[in-house]
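This is what each chain is made of:
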Amino acid sequence: MSSFLATRFVVEWYMKSIGENSYKLFAKMSKRRYSSGISLNVRERSFFVDPIKFAEKQNVRSWTSKISNLVRENQSIEAINLFKTMLRNEHKPNYVTVLSVIRAAENLESTARCVHGFAIKLGFELELPIVTALVGVYSTWNMDAALKLFNRTRYKDVILWSAMVSACVKSGEYVDAIELFRKMLSSSVEPNYISIVGIVPACANLGALKVGKEIHAYSMKISFISHVNIQNSLVDMYAKCGSLKASVAVFRGIEKKDLVSWRTMIHGCVENDRFNEALSLFSQMRYCCFEPDDSVIREVIGALSELDEIKIGQCFHSLVLKQGYLRCVSVVTALLHMYGDLCEIESARSLFDRLKPRDLIAWSTMIAAYAQSELPSNAFDIYWQMQSANEKPNEIIYVSLLQACSSMAAEEIGEGIHAQVIKIVNISNPFLISSLIDMYCKFGRISQGTAIFSEFPNKDLICWSSMINGHCDLEYEGWNWFYAMEERFDVTPKLAHYACMVDMLSRQGNIEEALEFVNNMPIEPDKRIWGTLLAGCRKTRVSTEISEIVAKRLIALDPENTSYFVILSNLYAEQGRWKEVEELRQLMDEKNLKKELGYSLIETSL
């Protein structure tokens, strides 16, 4: 018995020794780097792993890798078809596979819903990456479904919160986005820099400057302000909120400006009517060795369209030609628009004739340029060329053609265009309705314009303005329609409507009445109202006291605009009031204001 026990002990010791040595050997092997690139997880490191299950897992990884690669290459349909093949071969996907397929089905609602159901069946519905991906997909067509899915998820990490905020911004629900961001903070979830980048555009599009400043301060507090994406978003936000000085300050503080930084700042200047500053920034950008993309080129052309400097425009055209951007249809279209705005219709036509191929926007721009020029009949020549090229007109083209008819007093052609519009287009566009009203009123057919206005169910600012303007020769009718807005149709007049009335009175020479109307407005008049009144003062010989009052109000509203100072100074000079002229000049010097002069873009930096 004792020899049996001794033998058993020796065998057990020997087997234990082999086991320990084997474990040590396996431990060393597991630390090696495999050239195959396969990374083993903790469970798969077990020496006694089931070879069948191990092979199945490797197969799933292979399928998943192929599907993910197709999604990355934007081959969504191929990825979904491969996923179906995987299922037919009875391979069970893991949650990474499902995540890839959800992303592939982003624009396929029914497929996305099926994949969602499949994810629930496999028990992946609680995986946060799956929920986050589904929120992003559902938000493209059904925000309610995205919010329900988000609200049903108990534990939400910063990525899910950020995805929901971004989804709200993307769908235009900016107030909800800001509210969600506040809830995220109150839930003790600290935002990351992606959260900040996502919420700033909501403030920008709402014009919520106060909230934007708070988020700016918060990003500084948590040391995210150094991220260039956040800085670019803040530049855009301040510009859209009308605070261009703050926008420039943030821009100047960006240490490593990228192309987006320059593009955003140039766009902000154009958006705030600071066209000279936009051109100056473009020169600085070139000096800093940043080559513009087509988007920046279009922004600068847009700025040039607003400046009455044809030579600068032509110089820039040469630069665009030199850099090869005339192959870009959108850039050529922007140049067409610029030449049209600068009344250089021959240059526009020459550029248009060389443009191949032409998209609908290019056709539309050339037709609009002719419609607003001294050769409105040529708009129809381009229109017939467009029809010969089998291009179908859009609503904007019909608007331009109706404007051309109004300029030409071509009543019959206008009626024909109207018939075409009714036949081809479902008239729901307020610009089309406005153009029809304008045209018939200019033909003296007020009743026809009124009929079109009355039949249109969704009367907006544009339609009301057109209807009021269409009775400018009939002051009584104009007042009737203005008062009918609120009394009969329950539409509260806005500043644009008051501007129409001021314009109507001013054009009829009733400046005193217009000033009284402005002073009695229930809402505060803006630069547009006072500017309309000033234009009326300059066209009509009225008392200089009224012109002085109006000019001073404009200076108070826009103290950095030197043109108002110049107008007032000229007014004083005409009356021989040299003391007041000198006082104005001193005031301009104190404010460091200088009369804006035209300048050339031909610099060494170009």
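Here, residues in each chain are numbered from 1, in the same order as that chain's written sequence. In view of the model being predicted, local features appear only for residues whose pLDDT reaches at least 70, and side-chain atom pairs are presented and counted only at 80 or more, with totals across whole chains, interfaces and linings using the full set of residues. Remark: hydrogens and water are excluded; side-chain values derive from all non-hydrogen atoms of the structure.

K.L.:
Just give me the short version of a negative patch on the surface, but keep the residues and values in it.
P.N.:
Residues Glu582, Glu583, Asp589 and Glu590 make up a contiguous surface patch of negative charge. Every helix listed is a DSSP run of H or I at least four residues long, and every strand listed is a run of E at least two residues long, numbered separately from the N terminus. The residue Glu582 is located in helix H33 (residues 578–590) in this model. A patch consists of residues whose relative accessible area exceeds 30% and which take part in no salt bridge; residues with like charges are grouped when within 9 Å of each other, and nonpolar side chains (Val, Leu, Ile, Met, Phe, Trp, Tyr) when within 5 Å. Computed with the Shrake-Rupley method and a 1.4 Å probe, the accessible areas treat only the protein chains shown as cover for residues. Any Lys or Arg side-chain nitrogen located within 4 Å of an Asp or Glu carboxyl oxygen qualifies as a salt bridge. Charge counting treats Lys and Arg as positive and Asp and Glu as negative, with His and both chain ends excluded. Think of each charge as sitting on NZ of Lys, CZ of Arg, CG of Asp or CD of Glu.

K.L.:
Lay out the confidence of the model for the protein chain with the relevant residues and their values.
P.N.:
Interpretation of the predicted coordinates at a detailed level should be avoided for regions scoring low in pLDDT. For the protein chain, the average pLDDT comes to 79, and 83% of its residues sit at 70 or higher. Scored from 0 to 100, pLDDT records how confident the predictor is in each individual residue. The contact rule is simple, with two residues in contact once any of their heavy atoms fall within 4.5 Å. This stretch, residues 596–606, has a pLDDT under 50; its non-local contacts, to residues over four places away or in other chains, come to 21 contacts.

K.L.:
Give a description of the nonpolar core that names residues and reports values.
P.N.:
Only buried residues count toward a nonpolar core. Its members are Ala, Val, Leu, Ile, Met, Phe, Trp, Tyr and Cys residues joined through side-chain atoms within 4.5 Å. Relative accessibility under 20% of the residue-type maximum defines a buried residue, over 50% an exposed one, and the middle range a partly exposed one, all with a 1.4 Å probe and only protein chains included. Ranked by internal contacts, the top residues of the largest apolar core, which has 139 residues, are Met164, Ile199, Phe316 and Met366. Within the second largest apolar cluster, 33 residues are counted, among which are Trp479, Ile511, Ala514 and Phe565.

K.L.:
Which residues make up the side chain of His317, and what are the values?
P.N.:
As for its placement among the helices and strands, His317 is situated in helix H17 (residues 310–322). Side-chain atoms alone can form a polar contact between residues adjacent in sequence; in general such a contact is a pair of N or O atoms within 3.5 Å, and within protein one must be able to donate a hydrogen while the other accepts it. Of the polar contacts made by the side chain of His317, one reaches the side chain of Tyr339; its length is 2.7 Å. With residues near it in sequence (within four places) discarded, His317 still touches Leu326, Leu335, Tyr339 and Leu351.

K.L.:
Report on the environment of Asp176, specifying residues and quantitative values.
P.N.:
Structurally, Asp176 is set in helix H9 (residues 174–186). Owing to a relative accessible area of 38%, Asp176 belongs among the partly exposed residues under this scheme. Along the primary structure Asp176 and Met164 are separated by 12 residues, whereas in three dimensions their C-alpha atoms are 9.9 Å apart.

K.L.:
Quick rundown of the packing of aromatic side chains? Include the residues and the values.
P.N.:
To pair, rings of Phe, Tyr and Trp, with the six-membered ring standing in for Trp, must have centres within 6.5 Å; the planes then decide the type, stacked if under 30 degrees apart, edge-to-face if over 60, and tilted in the middle. Under the counting rule described, the total for this entry stands at 11 aromatic pairs. Where Phe282 meets Phe316, the ring centres are 5.4 Å apart and the plane angle is 70 degrees; that geometry is what we call edge-to-face. One end of the pair, Phe282, is in helix H15 (residues 275–287); the other, Phe316, is in helix H17, with 34 residues separating them in the sequence. Centroid distance Phe482 to Tyr498: 5.4 Å. Interplanar angle 75 degrees. Geometry classified as edge-to-face. Taken as a pair, Phe482 in helix H27 (residues 475–487) and Tyr498 in helix H28 (residues 495–507) lie far apart in primary sequence, 16 residues in all. We note that Phe482, like Tyr498, is buried. Throughout this description, the term charge over a ring refers to an Arg CZ or Lys NZ atom that lies within 6 Å of the ring centre and within 35 degrees of the ring normal. Seen from the ring of Phe251, Lys257 lies directly overhead, with NZ or CZ sitting 5.1 Å from the centre. The lysine or arginine in question, Arg358, covers the ring of Phe352, its NZ or CZ lying 4.2 Å from the ring centre.

K.L.:
Tell me about unusual backbone geometry, and name the residues and values.
P.N.:
The omega torsion of the bond from Lys356 to Pro357 falls at -5 degrees, within 30 degrees of zero and hence cis. By the element assignment, Pro357 lies in the loop between helix H19 (345–354) and helix H20 (360–371). Non-glycine residue Glu90 carries a positive phi angle of around 60 degrees. With respect to the element layout, Glu90 can be found in the loop between helix H3 (76–88) and helix H4 (95–104). Given a relative accessible area of 73%, Glu90 falls into the exposed group.

K.L.:
Lay out the packing of H15 against helix H16 (residues 294–306) with the relevant residues and their values.
P.N.:
The axes are straight lines fitted to the C-alpha atoms, using for helices just the contacting stretch, and the angles between their N-to-C directions are given from 0 to 180°. Where H15 contacts H16, the two axes come as close as 9 Å, and the packing angle between them is 145 degrees. Here H15 runs over H16; the crossing is left-handed. Contacts between H15 and H16 pair Phe275, Ala278, Leu279, Phe282 and Met285 from the former with Val296, Val300, Ala303, Leu304 and Glu306 from the latter. For a crossing to be left-handed, the near helix must be turned anticlockwise from the far one by less than a right angle; the clockwise case is right-handed.

K.L.:
Before we move on, can you summarise the pattern of salt bridges with the specific residues and values?
P.N.:
A full pass over the atoms with the stated rule returns 13 salt bridges. Arg298 is the partner of Asp294 in a salt bridge, and the nearest nitrogen-oxygen pair spans 2.9 Å. One end of the pair, Asp294, and the other, Arg298, are both in helix H16, four residues apart, so they sit about a helical turn from each other. The partly exposed category is assigned to Asp294, whose relative accessible area is 28%. Among the ionic pairs, Asp526 bridges to Arg528, the shortest N-O distance being 3.7 Å.

K.L.:
Please provide a residue-by-residue account of H15, values included.
P.N.:
What a helix is expected to span follows from its residue count: subtract one and scale by 1.5 Å. Compared with an ideal rise of 1.5 Å per residue, which puts 13 residues at 18 Å, H15 spans 19 Å between its outermost C-alpha atoms and is within 8% of the ideal. Among the residues making up H15, those that are buried are Phe275, Asn276, Ala278, Leu279, Leu281, Phe282, Ser283, Met285 and Arg286. Looking at the buried positions of H15, the neighbouring elements they touch are helix H13 (244–252), helix H14 (259–271), H16 and H17. Downstream of H15 by a residue or two, Cys289 has a phi angle that is positive, lying close to 70 degrees.

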